[in-house]
Structure formats: structure tokens, C-alpha cells
Amino acid sequence: MIAGQPFYLEAPQVEAAMRGAEPEPLRGACAQVGGRWYPVMQIGAAVTGQDRRDFTSADVSRALASLGLTCRSAPPVAL
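Residues numbered from 1 in each chain as written. Predicted model: local features only at pLDDT ≥ 70, side-chain atom pairs only at ≥ 80, totals over all residues. Heavy atoms only, no water.

### Description of the environment of A21
- In this structure, A21 sits in the loop between α1 (11-18) and β1 (30-33).
- A C-alpha to C-alpha distance of 18 Å links A21 and C71, two positions 50 residues apart in sequence.
- Not counting chain neighbours up to four residues away, the residues in contact with A21 comprise R36, Y38 and Q42. (Helix = DSSP H or I, 4+ residues; strand = E, 2+ residues; numbered from the N terminus. Contact = heavy atoms within 4.5 Å.)

### Notes on the packing of helix α2 (residues 40-48) against helix α3 (residues 57-66)
- Two elements in contact, α2 and α3, have axes separated by 9 Å at closest approach and are oriented at 75°. With respect to their mutual orientation, α2 and α3 come out roughly perpendicular. Contacts between α2 and α3 involve V40, M41, I43 and G44 on the former and, on the latter, S57, V60, S61 and L64.
- When the residues that make up the contact of α2 with α3 are grouped by side-chain class, the tally is 5 nonpolar, 3 polar and no charged. (Axes fitted to C-alpha atoms, helices over the stretch in contact; angles between N-to-C directions. Parallel < 35°, antiparallel > 145°, perpendicular 65-115°, else oblique. Nonpolar A, V, L, I, M, F, W, Y, C, P; charged D, E, K, R; others polar.)

### Some remarks on α2
- Judged by how many residues are buried, α2 sits mostly within the fold: 7 of 9 residues are covered.
- Among all positions in α2, only V40, Q42, I43, G44, A45, V47 and T48 are buried.
- Buried residues in α2 make contact with α1, β1, β2 (36-39) and α3.
- Positive backbone phi, at 75°, marks G49, one or two positions downstream of α2. (Buried < 20%, exposed > 50% of the residue type's maximum accessible area, 1.4 Å probe, protein only.)

### Re the pattern of salt bridges
- Applying the stated rule across the entire model yields 4 salt bridges.
- Its salt-bridge partner being E22, residue R36 comes within 3.5 Å of it at the nearest N-O pair. Note that R36 is positioned in strand β2 and E22 in the loop between α1 and β1, a separation of 14 residues in sequence.
- When its relative accessible area of 35% is taken as the criterion, R36 is described as partly exposed.
- Residue classification places E22 among the exposed positions, given a relative accessible area of 59%.
- R52 is the partner of E24 in a salt bridge, and the nearest nitrogen-oxygen pair spans 2.8 Å. Of the two residues, E24 is situated in the loop between α1 and β1 and R52 in the loop between α2 and α3; the sequence distance between them amounts to 28 residues.
- For E24, a relative accessible area of 30% corresponds to the partly exposed category. (Salt bridge = Lys/Arg side-chain N within 4 Å of Asp/Glu carboxyl O.)

Shown next, in the form of C-alpha cells:
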């Protein structure tokens, strides 16, 4: 569930959605997809097609973690 909407995602779908996407600057919650770190809000917008104002980083982080992706509340120190 992201923003109260059910989404049926799998890790390969998230990886496909982010393939070729340039990561935005990391300032808060982020997740590792395909070996790169992305802000969870960028990932959420890419995989759901929703406006970022429609969901929270906690919603997306919870969904990504349930898929087995590595999530952090702050960017890793060494990128």
C-alpha cells in the first residue's frame, strides 16, 4: 500500500522503472536499486505514477523494504 492505494510490485519491476534514471540528490530516506542509491520519493513516483505529494517517504520505504531492497533513513556516508 502506497498512499492508501494497493500496488502489486516486485523488485525487478522497481529495478526496471529506475533503470537509466539519474539519482536525484540524496537528502533523506533513500533506497538502493540496481547498485545505485535513489531518494525513496523519486522511486515512489517512478513506480506508481503518482505525484510525490500523494505519498510519504515512510510509505515507500516500507513497500521497498518488503521487496527486500535496502532502505535507509539518511544517505549512506560513503557513496
